[in-house]
Amino acid sequence: MGTEHSKNEERRSMVFLRKGPKLPAWEDALLAGREPKSLLKRGLRYVSLSLIMKGMTSTPDFLWGLHEVQKLNLSRNQLVVIPPSLGKLDRLVVLNLGGNCLKCLPKEIGLLRNLKVLFVNMNCLKEVPAELSLCRKLEVLSLSHNCISQLPLSFTDLTSLRKLNLSNNRFVQIPLCIFALRSLDFLHLGSNKLENIAESIQYLVNLQIFIVENNSIRSLPRSLCYISTLELLNVDYNAIQTLPDDLYLLRRLRRIAWNPMDKGLHIAHNPLSRPLPEVIEGGLDVLFNYLRDKKEHN
């Protein structure tokens, strides 16, 4: 009888376990007796760890002891907060926190002095910690799809930054600190609330791709025409009526572009005054010749 009782208890326990909450994949690995370090992947360039789409609402404590990790992907979870312990991973080169529910970043992110790539897109950020500017090696930063309306002035220290995505936020003007980032070759400010582009844009002398589509920009500054490196200028879906006469100086713009991925001048869906719509139909060379002639006769 005792044996039968034991069997019934065992069955009830197994049923209970089956009905319990499903464990995240990384917990399964640990319960199987694997060390946390066994989750690391050692590639040719980086020691990496990916915990993408694990349904996590908080970060596992073991993570902050993996000091070797250089590339960490925590994207597409339901993380609400990243603890100060992040600062312990000071070998990080690439950090992906995209697609979570983060409302802020810990100031300890400034301890990641080797960080070169940071994705915090598709979160709920309203501000960015000034300490991020201590990551002087940062080259790529995506803060798109958040609720940010300004950047700290200390961002002027990010002198290595080459690519910056601030699209789908709440900027009403381009933050002044951006004009100090002379290494920028890619700047995306599409889908914000911009009404103008400051003349200071000319200081971004290495800018190749500049996207400000889907804003409320009414005109383009003349100084924009002096960024000779521009290969893609996207001002689609704005309120632009006229174009600066010196636009023809942007010789690296090869065509009027319609596909969002194409290089060239994107000028569609603007209330351009006549005869600009008809001129643009003839192509970029026709537009540039028109603007050049117009300047000469003024």
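Since this is a predicted model, take the numbers as computed values, not measurements.

Student: Explanation requested: the overall build of the protein chain in the structure shown.
Tutor: Scanning the protein chain for helices and strands turns up 4 helices and 11 strands. Counting over 298 residues, the protein chain shows a buried share of 45%. Expressed as a percentage of contacts within the protein chain between residues at least 6 apart in sequence, the contacts between residues at least 24 apart total 31%. About 15900 Å² of surface is accessible on the protein chain, with carbon and sulfur atoms providing 51% of the total.

Student: What is the right way to read the sheet that holds strand β2 (residues 47-50) from this model?
Tutor: As a general point, the strands of a sheet are linked pairwise by backbone hydrogen bonds and lie either parallel or antiparallel. Strand order in the open sheet made by the 11 strands is β1-β2-β3-β4-β5-β6-β7-β8-β9-β10-β11, with mixed pairing throughout. Strands with a single pairing partner mark the edges of an open sheet, and in this sheet they are β1 (41-42) and β11 (264-266). Judged from the 3 bridges that link them, strand β7 (residues 163-165) and strand β8 (residues 186-188) form a sheet pairing that is parallel. Bridging across to β8, Lys163 finds its partner in Phe186.

Student: Before we go on, may I ask you to explain the pattern of salt bridges in this structure?
Tutor: If charged atoms from side chains of opposite charge come close, those side chains can pair. Counted under the stated rule, the structure contains 12 salt bridges. Residue Glu231 pairs with Lys263 through a salt bridge whose shortest N-O separation is 2.6 Å. Here the residue Glu231 occupies a position in the loop between β9 (209-211) and β10 (232-234), and Lys263 occupies one in the loop between β10 and β11, the gap between them amounting to 32 residues. The class of Glu231 is buried, set by a relative accessible area of 17%.

Student: Just to check I follow, could you spell out the environment of Pro260 for this structure?
Tutor: Relative to the elements of secondary structure, Pro260 occurs in the loop between β10 and β11. Pro260 sits 24 residues away from Asp236 along the chain, and the two C-alpha atoms are 9.5 Å apart. Setting aside residues up to four positions removed in sequence, Pro260 forms contacts with Leu232 and His266.

Student: Would you explain the pairing of β2 in this entry?
Tutor: Within a regular beta strand, the side chains point alternately toward one face of the sheet and then the other, so they alternate between its two faces. Alternating positions in β2 separate cleanly, Val47 and Leu49 being buried on one face and Ser48 and Ser50 remaining unburied on the opposite face. Pairing between β1 and β2: 2 bridges, direction antiparallel. Bridged to Arg42 within β2 is Val47. Linking β1 back to β2 in an antiparallel pair, the connection comprises 4 residues. One ladder, built from 3 bridges, connects β2 with strand β3 (residues 71-73); its direction is parallel. The residue bridging Leu49 from the neighbouring strand is Leu72, located in β3.

Student: What's the story with a positive patch on the surface in this structure? I'm lost.
Tutor: On the surface, Arg45, Lys71, Lys116 and Lys137 cluster together to form a positively charged patch. Mapped onto the fold, Lys116 is located in the loop between β4 (94-96) and β5 (117-119). The exposure class of Lys116 is partly exposed, given its relative accessible area of 35%.

Student: Hey, could you run me through the confidence of the model for the protein chain in this one?
Tutor: Detailed reading of the predicted coordinates is not advisable wherever pLDDT is low. Across the protein chain, the average pLDDT comes to 91, with 89% of residues at 70 or higher. pLDDT under 50 marks residues 10-21. Its contacts with residues more than four places away, or in other chains, come to 1 contact.

Student: Explain the nonpolar core here, please?
Tutor: Most often, soluble globular proteins have nonpolar side chains that are buried together. Counting 82 residues, the largest nonpolar core has Leu151, Ile178, Phe210 and Leu287 as its most contacted members. Broken down by secondary-structure element, the contributors of at least two residues to this core are β2, α3 (276-281) and α4 (284-296). The contacts of Phe210, once residues within four sequence positions are left out, are Ile174, Leu187, Ile197, Ile201, Leu224, Leu230, Leu232, Leu233 and Asn234.

Student: Sorry, what's going on with the environment of Leu164 here?
Tutor: Here Leu164 lies in strand β7. Between the alpha carbons of Leu164 and Ser142 there is a distance of 5.9 Å; along the sequence they are 22 residues apart. Leaving out residues up to four positions away in the same chain, Leu164 has contacts with Leu141, Ile178, Leu181, Leu184, Phe186, Leu187 and His188.

Student: Can you walk me through the side chain of Ser167 in this structure?
Tutor: Residue placement: Ser167 occurs in the loop between β7 and β8. At 2.8 Å, the side chain of Ser167 forms a polar contact with the side chain of Asn165. Those residues in contact with Ser167 that sit more than four places away from it in its chain are Ser144, His145, His188, Leu189, Gly190 and Asn192.

Student: Any chance you could explain the state of the cysteines here in plain terms?
Tutor: As used in these notes, a disulfide is a covalent bond between sulfur atoms, one from each of two cysteines. Applying the stated criterion across every chain, the model contains 0 disulfides. Note on Cys101: no disulfide assigned, nearest cysteine sulfur contributed by Cys124 at a separation of 5.6 Å.

Student: Got a minute to help me understand α4 in this structure?
Tutor: Every α-helical turn comprises 3.6 residues, leaving residues that sit three or four positions apart pointing alike. End to end, α4 covers 18 Å across 13 residues, agreeing with the expected 18 Å (1.5 Å per residue, within 8%). Residues Leu284, Leu287, Phe288 and Leu291 constitute the buried set of α4. The arc that holds the buried residues of α4, viewed along the axis, is 95 degrees, so those residues lie on one side. Away from its buried face by more than 90 degrees, α4 exposes Asp285 and Glu296. Check the buried side of α4 and you find it contacts β11 and α3.

Cut-off values and rules
- Residues numbered from 1 in each chain as written.
- Predicted model: local features only at pLDDT ≥ 70, side-chain atom pairs only at ≥ 80, totals over all residues.
- Heavy atoms only, no water.
- Helix = DSSP H or I, 4+ residues; strand = E, 2+ residues; numbered from the N terminus.
- Buried < 20%, exposed > 50% of the residue type's maximum accessible area, 1.4 Å probe, protein only.
- Contact = heavy atoms within 4.5 Å.
- Areas by Shrake-Rupley, 256 points an atom, 1.4 Å probe, with all protein chains shown as cover.
- Pairing = 2+ DSSP bridges.
- Salt bridge = Lys/Arg side-chain N within 4 Å of Asp/Glu carboxyl O.
- Patch = residues over 30% accessible without salt bridge, like charges linked within 9 Å, V, L, I, M, F, W, Y side chains within 5 Å.
- Lys, Arg positive; Asp, Glu negative; His and termini not counted.
- Charge placed at Lys NZ, Arg CZ, Asp CG, Glu CD.
- pLDDT = per-residue confidence, 0-100.
- Core = buried A, V, L, I, M, F, W, Y, C linked by side-chain atoms within 4.5 Å.
- Polar contact = N/O pair within 3.5 Å; in protein donor to acceptor, adjacent residues only side chain to side chain.
- Disulfide = S-S within 2.5 Å.
- Expected span 1.5 Å × (residues − 1).
- Arc of directions from axis to C-beta.

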